[in-house]
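Here's the letter readout for the chains.
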4 protein chains.
Amino acid sequence: MIRFECDYSEGAHPVILDLLAKTNLEQTPGYSEDPYCEEARALVRAYCNAPDAAIHFLVGGTQANVTIIASVLKPYQGVLCAETGHIHVHETGAVEATGHKALALPQTDGKITAAQVEAAYLKQKNDGSHEHIVQPGMVYISHPTECGTLYTKEELTALSETCRKCGLPLFLDGARLGYGLASPGSDLSAEDVATLCDIFTVGGTKVGALFGEAVVITNPALQKDFRYMIKRQGGMLAKGRLLGLQFIGLMKDGLYEALGKKADLLALQIKDGFAAAGCDFLVDSVTNQQFPILTRQQQEILGKKYAYSYWQPVDDGRDAVRFCTSWATKEEDVEELLKDIQNL
Amino acid sequence: MIRFECDYSEGAHPVILDLLAKTNLEQTPGYSEDPYCEEARALVRAYCNAPDAAIHFLVGGTQANVTIIASVLKPYQGVLCAETGHIHVHETGAVEATGHKALALPQTDGKITAAQVEAAYLKQKNDGSHEHIVQPGMVYISHPTECGTLYTKEELTALSETCRKCGLPLFLDGARLGYGLASPGSDLSAEDVATLCDIFTVGGTKVGALFGEAVVITNPALQKDFRYMIKRQGGMLAKGRLLGLQFIGLMKDGLYEALGKKADLLALQIKDGFAAAGCDFLVDSVTNQQFPILTRQQQEILGKKYAYSYWQPVDDGRDAVRFCTSWATKEEDVEELLKDIQNL
Amino acid sequence: MIRFECDYSEGAHPVILDLLAKTNLEQTPGYSEDPYCEEARALVRAYCNAPDAAIHFLVGGTQANVTIIASVLKPYQGVLCAETGHIHVHETGAVEATGHKALALPQTDGKITAAQVEAAYLKQKNDGSHEHIVQPGMVYISHPTECGTLYTKEELTALSETCRKCGLPLFLDGARLGYGLASPGSDLSAEDVATLCDIFTVGGTKVGALFGEAVVITNPALQKDFRYMIKRQGGMLAKGRLLGLQFIGLMKDGLYEALGKKADLLALQIKDGFAAAGCDFLVDSVTNQQFPILTRQQQEILGKKYAYSYWQPVDDGRDAVRFCTSWATKEEDVEELLKDIQNL
Amino acid sequence: MIRFECDYSEGAHPVILDLLAKTNLEQTPGYSEDPYCEEARALVRAYCNAPDAAIHFLVGGTQANVTIIASVLKPYQGVLCAETGHIHVHETGAVEATGHKALALPQTDGKITAAQVEAAYLKQKNDGSHEHIVQPGMVYISHPTECGTLYTKEELTALSETCRKCGLPLFLDGARLGYGLASPGSDLSAEDVATLCDIFTVGGTKVGALFGEAVVITNPALQKDFRYMIKRQGGMLAKGRLLGLQFIGLMKDGLYEALGKKADLLALQIKDGFAAAGCDFLVDSVTNQQFPILTRQQQEILGKKYAYSYWQPVDDGRDAVRFCTSWATKEEDVEELLKDIQNL
């Protein structure tokens, strides 16, 4: 079975394993207070050109999302997000577990707009019963989105301006940020993200690390006592240097960008393959997740050899499925898949 | 600087790194639904001879404690624990963050007794205002305790019987279980722990792994839907096999026991050294943490060469400090320390 | 200003005030453990012919909803409800504050169907990532709904059967139950509600009391330790007899039914008046809330003399508004309003 | 049975019932946005000479405590309090239900000192593992305390200064404030309380009202969006004017002070009676709760005629019990009790 099921099927890029092995018996202080984490923080700051950002390392994405959201919001506030947002549909209520409501907005291709945010903000604020309604307290977007699409610089700028006007910190979930920024379809840089967002993550788990998400807090008002929040939410890794070392590996020598680029290009080959075979797509993704629409028969044929994810029904005979590449995807596997697509 | 500061200063035992490296590019399903986790579960079950136990793997100790406690308790219930219990004093309110009170009991050498548990249970139950008082809903103990002591089989049996009589699930936090069971001062086996407790953890982070705690749920009534709880609490590791592989490493060929034994013996040498130098001890620990009482001058001298933890003031001129060994402690470092102690 | 704005503009029915005055200086135990509450419990049980139901009295509706929901759900479960459900839109995230997600379903006239519930239940259960999705754990409906409509006996029976099949306790929020059961458009009795639901409330606040909601728990599995939950949620009234006395007043001599009937009939007169004036309605309500659609000019004219609630925009020139009667509405006020409607 | 069991055995002072009856059929807006609440707010501000204070009315004490605490604290912060504090021992974990830890300090006669607060603050702040320890975020005291004692002006001033130095808002739970300020043993005024505390409550439930606690927020930094918190915590009373009317009754013509004074004087007569009969006391209370220590035989004799509260065992043959007066206590009942005490 060749797996295109998700982007966390393999371990880590060899550079990272090497770093872990090389430093294995060194003794360092715990809880990310070691020199490796310090170095990694500097590299992440350089990566997004945000010299004053606070950087923290967490093990996983849900943990990062929840710690951030619970840190930013007041008890009676909620987080605006797309109705397809990961925090709303795929985190088993982890946000609600901290006492906050996910305020879901309709989405197009996984994205929400500045106009929607402003409308939601004003609707609550101007409602006669506003004190009976959860107050929007921040905005959550994912980039790439859960369906592989990207915000343009114009869209993100508009969101950012609206958020600042409304006093809503903008949080970008970058679990797949590497695949987003490296895409030929992207006009955003890491620096743009740092400038336009108040807080965001740089995902390692899906982009070459064993695990790890870097939290970047550019808004100084949100930086205080974040380590308390990490511990309170159960996310303080004892051997914190493991996170630092991995981000050193990713951030050095452009590895993070290179891994993203590789996966995106392979995904776009797969996309072209399905298109050439006459398949429709659920959405026009330009990153490492592709959502072709297949007949039951096509699914069955491909399913014998490839693992992919069922996504959603489309019409009577067809469903959208997900093929996902990663930093570790082998070119020969893609070539084989392309041949099999051709023969569908 | 030679570090005796804690038992999470180094990486992982080489066996574990090898396993990670060897399997690195394999493709497996995520979220601990892979064959390695399956194998690890079987090994943990065998380790404690609990063939029907449910086994889950979590990244860290606070995460494990909180997920377990929030899973067991009803909203109006709290968890009885020693006033020195990790959940009460060193987890930044992570238990309270899930809506539950830690019901702290006075302790002796970090331990609580069956009699205390029964008294606390009856006090609440028989109080005229019992509905206004948090209901004890489970019991938390750590073994070894936070100060390195151990429950005897007699003590744990008494606790277990009382807990079952009172309907209070007994949860043993085994973050350092390996160091507890391997101690010459222990009369408990892993099977005893599994038989006497309803739920417990087998700590990997401090006993040879990069990270990882195995949650063992022997009480069938507590097994349902635990994976939902893990995800809700932000503890579901995407590349879950990393946890499985590490526990395979620890559980195979008696490695877990061997690592525990080694650290304990080195710690007891340090204990003997301090005793020979005429030092008192805060507590009579038989495991890998030792708590000699040192004068300021002694602390200063040792502090130039060794990292250790300040623990608490004892009297005007002296403080208790902690020297901690681990699976990775080098014998030559202990020998050097022993010489320096002799010269104090 | 004549107020048709809501059904909590006035104090209490004189019978209730008399009871409070008559017993004012009596001494009774606190926290609803007095003989009046005991009597009231018996009366509520008789009212809905549920001799084994557990009855509790709470001060307000949000408090009752939250206490019930937090009592029924496991931490990783959420409550299915209409997207217009009070708990989802008008309680400032009180449900989420207890760690649970409101799982909103599309609604028609404020109602959800058995088919929707079953579909939502199966969708989560059969999803490959079901452990990453909040598990539906109960169903919340309001009756009358937030827009004055009623479930038919057939609809409620279907919901009840589906809920039992899926293992989802059915909770009916009866904040306006009196107006629902007394409506000429209702084919449900209080006994039907008790038979078909696992837990429901009998609203006093809006139907003649100063305040007070009776919680009726017919499902024995949900009865345990509910008083602990009340205290934990801050809802245990010190002078609990105030609640008992009010429900004695409401439940005796058919007062609750009579008050509901009166308000409904006056509301239906208003409805007829607006219909005769050629107004459309947002929804075909048969209870004490009516939602005519008015032009801006009509709103302005009526707004000079009457308080009513703005509801929502309908089209360019018109909005839905709410006129609400209550047990205290004066017939002459309705007559005056009808005249003014005629002259619109 | 004559009840000296607690101070919430009766209804309300007749002045309050009259106000409720007189205004009963008036129509006012809900949720405390009516003119009566406005008037009551002005009266409370005048009562404590705090013209800029924000005033809110809540139904009960636990509700008030929890809403205040959850409103002030950040998620990783806890509330310092006496180990006998109501929030710590008698609210079924309502504070923890909002995610916060009660940080209990040893007490003397129910009180904590400025020195204790500063020490606790510094201990956490200066601990090497401070990020692993709940951060003190505010201070809770009750005045009178749960055992009837009072802070002196000097003590409260010291607490206030320490709190301000440490950045810890000081919250005074005044559930029995009326009995505190009216005591001959008090050297504090309502204005002192308002000046020295950041937030406090003026208890109505136990001092003449049917129910109701006024929350007084003198610290402007704590005033924002408090009404959202009230609704989120389920404490927004629909017919909010009921609270306003009751506080109008209490605050006008010195009724609140008069009721407090009356109850205190009767309690002190009872105290003198027990002292004359040779009884010891658990604590030297100067307010409406008295804690004589009685033999089993004395308890039995008095128990035939009087309801009082069992408090705690003292020595082999004796227990402390509580006799409690209130605004409603009849002088003839006290006289009868005094005679019976004399005959013990």
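Residues numbered from 1 in each chain as written. Chains lettered and ligands numbered in written order. Predicted model: local features only at pLDDT ≥ 70, side-chain atom pairs only at ≥ 80, totals over all residues. Heavy atoms only, no water.

1. Observations regarding the overall build of chain A
Okay, so step 1: The helix and strand inventory of chain A stands at 13 helices and 14 strands.
Okay, so step 2: For chain A, whose C-alpha radius of gyration is 20 Å, the value lies close to the compact-globule estimate of 20 Å for 344 residues.
Okay, so step 3: Seen through its principal axes, chain A has C-alpha atoms that stretch 60 × 55 × 35 Å.
Okay, so step 4: Counting over 344 residues, chain A shows a buried share of 66%.
Okay, so step 5: Taking the contacts inside chain A whose residues are at least 6 apart along the sequence as the reference set, 73% of them involve residues at least 24 apart.
Okay, so step 6: Per element, the accessible surface of chain A, about 11800 Å² overall, is 50% carbon and sulfur.
Okay, so step 7: Taken together, the 31 basic and 44 acidic charged side chains of chain A have centroids lying 5 Å from each other. (Helix = DSSP H or I, 4+ residues; strand = E, 2+ residues; numbered from the N terminus. Rg over C-alpha atoms; globule rule 2.2 N^0.38 Å. Buried < 20%, exposed > 50% of the residue type's maximum accessible area, 1.4 Å probe, protein only. Contact = heavy atoms within 4.5 Å. Areas by Shrake-Rupley, 256 points an atom, 1.4 Å probe, with all protein chains shown as cover. Lys, Arg positive; Asp, Glu negative; His and termini not counted. Charge placed at Lys NZ, Arg CZ, Asp CG, Glu CD.)

2. Brief notes about the sheet that holds strand β6 (residues 170-173) of chain C
Residues and elements named next belong to chain C.
Okay, so step 1: Pairing is mixed in the open sheet, where 7 strands are placed in the order β2-β8-β7-β6-β5-β3-β4. Both edges of this open sheet fall to β2 (54-58) and β4 (102-105), since each of them pairs with a single strand only. Going from strand to strand, the sheet's axes swing by 25° on average, the running direction of each strand aside.
Okay, so step 2: Across 5 bridges, the pairing between strand β7 (residues 199-203) and strand β8 (residues 213-217) is antiparallel. Bridging from a neighbouring strand, G203 pairs with E213 of β8.
Okay, so step 3: In the packing of helix α2 (residues 35-47) onto the sheet, the strands contacted are β2, β7 and β8, and the crossing angle to β2 comes to about 120°. (Pairing = 2+ DSSP bridges. Axes fitted to C-alpha atoms, helices over the stretch in contact; angles between N-to-C directions.)

3. Some words on the relation of the copies chain C and chain D
Okay, so step 1: Each copy of the sequence occupies a distinct position, and chain C is placed on chain D by a rotation of 180° and an axial shift of 0.0 Å, giving an RMSD of 0.0 Å. What the rotation and shift describe, once combined, is the action of a two-fold rotation axis.
Okay, so step 2: Interface overlap between copies: 100% of the residues of chain C at the interface are likewise at the interface in chain D, consistent with a symmetric, same-surface contact. (Least-squares fit on C-alpha atoms with pLDDT ≥ 70 in both.)

4. Thoughts on the confidence of the model for chain A
Okay, so step 1: The predicted model of chain A averages 97 in pLDDT, with 100% of residues at 70 or higher.
Okay, so step 2: Model confidence for the complex: the whole-complex pTM is 0.98, and ipTM, which rates the interface, is 0.97. (pLDDT = per-residue confidence, 0-100.)

5. A look at the sheet that holds strand β2 (residues 54-58) of chain A
All names here are of chain A.
Okay, so step 1: Reading across from one edge, β2-β8-β7-β6-β5-β3-β4 is the order of the 7 strands in this open sheet, with mixed pairing throughout. Here the strands that pair on one side only, and so sit at the sheet edges, are β2 and β4 (102-105). Pairwise comparison of adjacent strand axes, ignoring direction, gives a mean angle of 25° for this sheet.
Okay, so step 2: Contacting β2, β3 (77-82), β5 (135-142), β6 (170-173), β7 (199-203) and β8 (213-217), helix α3 (residues 61-72) crosses the sheet at an angle of about 155° to β5.
Okay, so step 3: Contacts from helix α6 (residues 153-166) reach β5 and β6 within the one sheet, and its direction differs from that of β6 by about 145°.

6. Quick word on the environment of H88(B)
Okay, so step 1: Locating H88(B) in the fold gives a position in helix α4 (residues 86-89).
Okay, so step 2: Spatially, the C-alpha atoms of H88(B) and L168(B) are 18 Å apart, while their sequence positions differ by 80 residues.
Okay, so step 3: If near-sequence neighbours (up to four positions away) are discounted, H88(B) is found in contact with C81(B), A82(B), E83(B), A102(B), A104(B) and K101(D).
Okay, so step 4: Side-chain polar atoms of H88(B) contact the side chain of K101(D), separated by 3.0 Å. (Polar contact = N/O pair within 3.5 Å; in protein donor to acceptor, adjacent residues only side chain to side chain.)

7. Remarks on the state of the cysteines
Okay, so step 1: For the structure shown, the criterion picks out 0 disulfides over all chains.
Okay, so step 2: Cysteine C81(A) shares no disulfide, and the gap to the nearest cysteine sulfur, in C163(A), comes to 13 Å.
Okay, so step 3: The cysteine C166(D) is free of any disulfide, with C163(D) supplying the nearest cysteine sulfur at 7.1 Å.
Okay, so step 4: A relative accessible area of 9% places C166(D) in the buried class. (Disulfide = S-S within 2.5 Å.)

8. Focus: the pairing of strand β6 (residues 170-173) of chain B
All names here are of chain B.
Okay, so step 1: In β6, alternate side chains face the same way, and those of L170 and L172 on one face and F171 and D173 on the other are all buried.
Okay, so step 2: In this structure, strand β5 (residues 135-142) lies alongside β6, joined through 4 bridges in parallel fashion. Looking at β6, one finds that Y140 is bridged to F171.
Okay, so step 3: For the handedness criterion, the β-α-β arrangement of β5, helix α6 (residues 153-166) and β6 is classed as right-handed.
Okay, so step 4: In this structure, β6 lies alongside strand β7 (residues 199-203), joined through 2 bridges in parallel fashion. What sits directly across from F171, in β7, is I199. (Right-handed = clockwise from strand over helix to strand, strands pointing away.)

9. Let's talk about the environment of Q233(B)
Okay, so step 1: On the secondary structure map, Q233(B) appears in the loop between α9 (226-232) and α10 (241-251).
Okay, so step 2: Residue Q233(B) is classed as buried on the basis of its relative accessible area of 15%.
Okay, so step 3: Along the chain, Q233(B) and Q299(B) lie 66 residues apart, while their C-alpha atoms are 41 Å from each other.
Okay, so step 4: With residues near it in sequence (within four places) discarded, Q233(B) still touches Q233(A), V66(B), T67(B) and T98(B).

10. Looking at the packing of helix α2 (residues 35-47) of chain B against α10(B)
Residue and element names in this part refer to chain B.
Okay, so step 1: Packing of α2 against α10 brings their axes to within 8 Å, and their N-to-C directions diverge by 40°. On the basis of their axis angle, the class for α2 and α10 is oblique. Classified by chirality, the crossing of α10 by α2 is left-handed. Here Y36, C37, E39, A40, L43, V44 and Y47 of α2 come into contact with α10, specifically with R241, G244, L245, F247, I248 and M251.
Okay, so step 2: A breakdown of the residues in the contact of α2 with α10 according to their chemical character gives 10 nonpolar, 1 polar and 2 charged. (Parallel < 35°, antiparallel > 145°, perpendicular 65-115°, else oblique. Left-handed = near helix turned anticlockwise from the far one by under 90°. Nonpolar A, V, L, I, M, F, W, Y, C, P; charged D, E, K, R; others polar.)

11. A look at the side chain of R322(A)
Residues and elements named next belong to chain A.
Okay, so step 1: Residue position: R322 is located in strand β14 (residues 318-324).
Okay, so step 2: No salt bridge forms around the buried R322; measuring N to O, its nearest opposite-charge neighbour D7 is 5.4 Å away.
Okay, so step 3: In this structure the side chain of R322 is engaged in a polar contact, spanning 2.9 Å, whose partner is the backbone oxygen of E5.
Okay, so step 4: If sequence neighbours within four positions are ignored, R322 has contacts with F4, E5, C6, R176, Q289, Q290, F291, Y308, S309 and W311. (Salt bridge = Lys/Arg side-chain N within 4 Å of Asp/Glu carboxyl O.)

12. Describing helix α2 (residues 35-47) of chain A
Residues and elements named next belong to chain A.
Okay, so step 1: The terminal C-alpha atoms of α2 lie 18 Å apart, and with 13 residues this matches the ideal 18 Å at 1.5 Å per residue to within 8%.
Okay, so step 2: Listed in full, the buried residues belonging to α2 are Y36, C37, A40, R41, V44 and Y47. Taken around the axis of α2, the buried residues stretch over an arc of 140°, which confines them to a single face. Facing away from the buried side of α2, by more than 90 degrees, are the exposed residues P35 and A46. (Expected span 1.5 Å × (residues − 1). Arc of directions from axis to C-beta.)

13. Structural notes on helix α1 (residues 14-22) of chain D
Okay, so step 1: Among the residues of α1(D), I16(D), L17(D), L19(D) and L20(D) are the ones counted as buried. All buried residues of α1(D) lie within an arc of 160° about the axis, which places them on one face of the element. Of the residues in α1(D), the exposed ones pointing more than 90 degrees away from the buried face are D18(D) and K22(D).
Okay, so step 2: Those residues of α1(D) that are buried are in contact with α1 (14-22) of chain C together with α10 (241-251) of chain D.

14. A few points about the interface of chain C and chain A
Okay, so step 1: Each side of the interface is counted separately: chain C has 19 residues, and chain A has 19 residues.
Okay, so step 2: Together chain C and chain A conceal approximately 1300 Å² of surface at their shared face, both sides included; 52% is due to carbon and sulfur atoms.
Okay, so step 3: If one sorts the elements of the side of chain C that touches chain A by residue count, helix α4 (residues 86-89) of chain C sits on top with 3 residues.
Okay, so step 4: By residue class, the composition of the side of chain C that touches chain A is 7 nonpolar, 8 polar and 4 charged. (Buried area = accessible area lost by both parts, 1.4 Å probe.)

15. Some words on unusual backbone geometry
Okay, so step 1: The amide bond that connects H143(B) to the next residue, P144(B), takes the cis arrangement and shows omega of -5°.
Okay, so step 2: Structurally, P144(B) is set in the loop between β5 and α6.
Okay, so step 3: Non-glycine residue Y31(D) carries a positive phi angle of around 60°.
Okay, so step 4: As for its placement among the helices and strands, Y31(D) is situated in the loop between α1 and α2 (35-47).
Okay, so step 5: In this structure, T92(D) takes a positive phi of about 50° despite not being glycine.
Okay, so step 6: Secondary-structure assignment places T92(D) in the loop between α4 (86-89) and β4 (102-105).

16. Section: the relation of the copies chain C and chain A
Okay, so step 1: After a rotation of 180° and a shift along the axis of 0.0 Å, chain C superposes on chain A with an RMSD of 0.0 Å.
Okay, so step 2: Residue by residue, 100% of the interface of chain C is reproduced at the interface of chain A, so both copies engage with the same surface.

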